[in-house]
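# Architecture and fold: a report
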Amino acid sequence: QVQTDLAQTVEPGWLRRWQTASRHLTLGHLVGMGMFGHVIKAKLKISTGEITTVAAKAVRRKDTQCYRNFYTEAAILVALHEDQHHDNLRSNIIQLLGLVNEASRKYILMEYASKGNLLRLLRRTRRQNGTASLPHHLRYAIHIARARALQELQRLAITHCDVAARNVLITADDVAKLADFGLARDVYATVQYVTDDGREQRQDNKENEVLPLNWMSLESLEKGEYTCQSDVWSFGVLLWEIAAQGQEPRYDGNNNPSCRQLAQTLRRGIRLRRPPECSGEVYVVMNSCWQELPSERPDPNVLEEKLQQVQHAMI
Ligand code: ADE
């Protein structure tokens, strides 16, 4: 039997501090489905008695992998939100509102981002207008590069490991927020999990996971190495998705490559092609994220500045 009730065995302090009782929550309809979890729109009664709209993320299946993903995401969001420099109001990281951790009900409660994820938004815009809205959409990339998102992760030595348009949410006031920390890693403290046979297992076992290969850096593919610089590589792919208006990134002549095949392609210097709508300047920025040597990739603050210059020149 899968041992899933971390709360019943060793309820860590961070879980207790963010605990919300499920009776304060009224579930609505499904708004998103990911590999490990699904997201439901819900109403939450907060301590003042007010009702607020939230997104409640639950495990997709009751298996070890989904629970592992769930607790990783919860732990990382708590670590981010408990940092003294974290600023909820101005953050470009999705806001954590509480955790429901009851035997049969487990939810991560987050702010509700009414415009949904960036990938869907890009595809919708392409269908509706047929024209590129690149300068406008670059704003979202700038939000993700900036001080309250990738730069904050870098400061806290947290790697997201899945930076992609599908994991960027857009709020009602058109602000991009990084979400989906289920694959993230904290280089200082690793969350421990209890596996099927009761052994404790560390989180850094990614063997059985479905990996987002076409977003991954060379060193992640070759050595399973994840750093803030590998998040910068993935950020380059996110830029590509924006420029290509939500098309799926694919390397030439590589349909469903294995990890090794893709690493070989990248070693040969092959990179994603410039989408037709993409200006040379934007393509230069994304290529800088795909430098073979992690140390030669730009810092998020440099990216923010470069993108602002490029965007400015467009309008
Ligand atoms: N889909 C996934 N997470 C969401 C959120 N926080 N708000 C709206 N839609 C979502």
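Residues numbered from 1 in each chain as written. Predicted model: local features only at pLDDT ≥ 70, side-chain atom pairs only at ≥ 80, totals over all residues. Heavy atoms only, no water.

## Topic: the pairing of strand β4 (residues 96-101)
β4 sits mainly inside the fold: five of its six residues count as buried. Hairpin connection between β4 and strand β5 (residues 106-111): a loop of four residues separates the two successive antiparallel strands. (Buried < 20%, exposed > 50% of the residue type's maximum accessible area, 1.4 Å probe, protein only. Helix = DSSP H or I, 4+ residues; strand = E, 2+ residues; numbered from the N terminus. Pairing = 2+ DSSP bridges.)

## Observations regarding the site of the ligand
The environment of the ligand is formed by V31, V39, A55, E111, Y112, A113 and L169. Between E111 and the ligand, the recorded distance is 3.0 Å, taken from a backbone N or O atom to a nitrogen atom. One of the backbone N or O atoms of A113 is found 2.8 Å from a nitrogen atom in the ligand. In the complex, the protein chains occlude 89% of the 260 Å² of accessible area that the ligand would expose alone. (Near = heavy atom within 4 Å. Polar contact = N/O pair within 3.5 Å; in protein donor to acceptor, adjacent residues only side chain to side chain. Areas by Shrake-Rupley, 256 points an atom, 1.4 Å probe, with all protein chains shown as cover.)

## With respect to the packing of helix α10 (residues 280-289) against helix α11 (residues 300-314)
For any two helices packed against each other, the geometry is given by the interaxial angle and the distance between the axes. It is the contact of α10 with α11, at a shortest axis distance of 10 Å, that shows an interaxial angle of 165°. In this view, α10 runs roughly antiparallel relative to α11, as classed from their interaxial angle. Relative to α11, the crossing made by α10 is left-handed. The residues of α11 that touch α10, namely those facing E281, V282, V285 and C289, are L303, K306, L307, V310 and M314. Here the residues of the contact of α10 with α11 sort into seven nonpolar, no polar and two charged. (Axes fitted to C-alpha atoms, helices over the stretch in contact; angles between N-to-C directions. Parallel < 35°, antiparallel > 145°, perpendicular 65-115°, else oblique. Left-handed = near helix turned anticlockwise from the far one by under 90°. Contact = heavy atoms within 4.5 Å. Nonpolar A, V, L, I, M, F, W, Y, C, P; charged D, E, K, R; others polar.)

## A word on the UniProt feature "binding site: ATP" (unreviewed entry) in the chain
Mapped onto the present numbering, the UniProt feature "binding site: ATP" (unreviewed entry) falls at K57. Along the chain, K57 falls in strand β3 (residues 51-59). (UniProt positions renumbered as here; feature names shortened; annotations may be inferred.)

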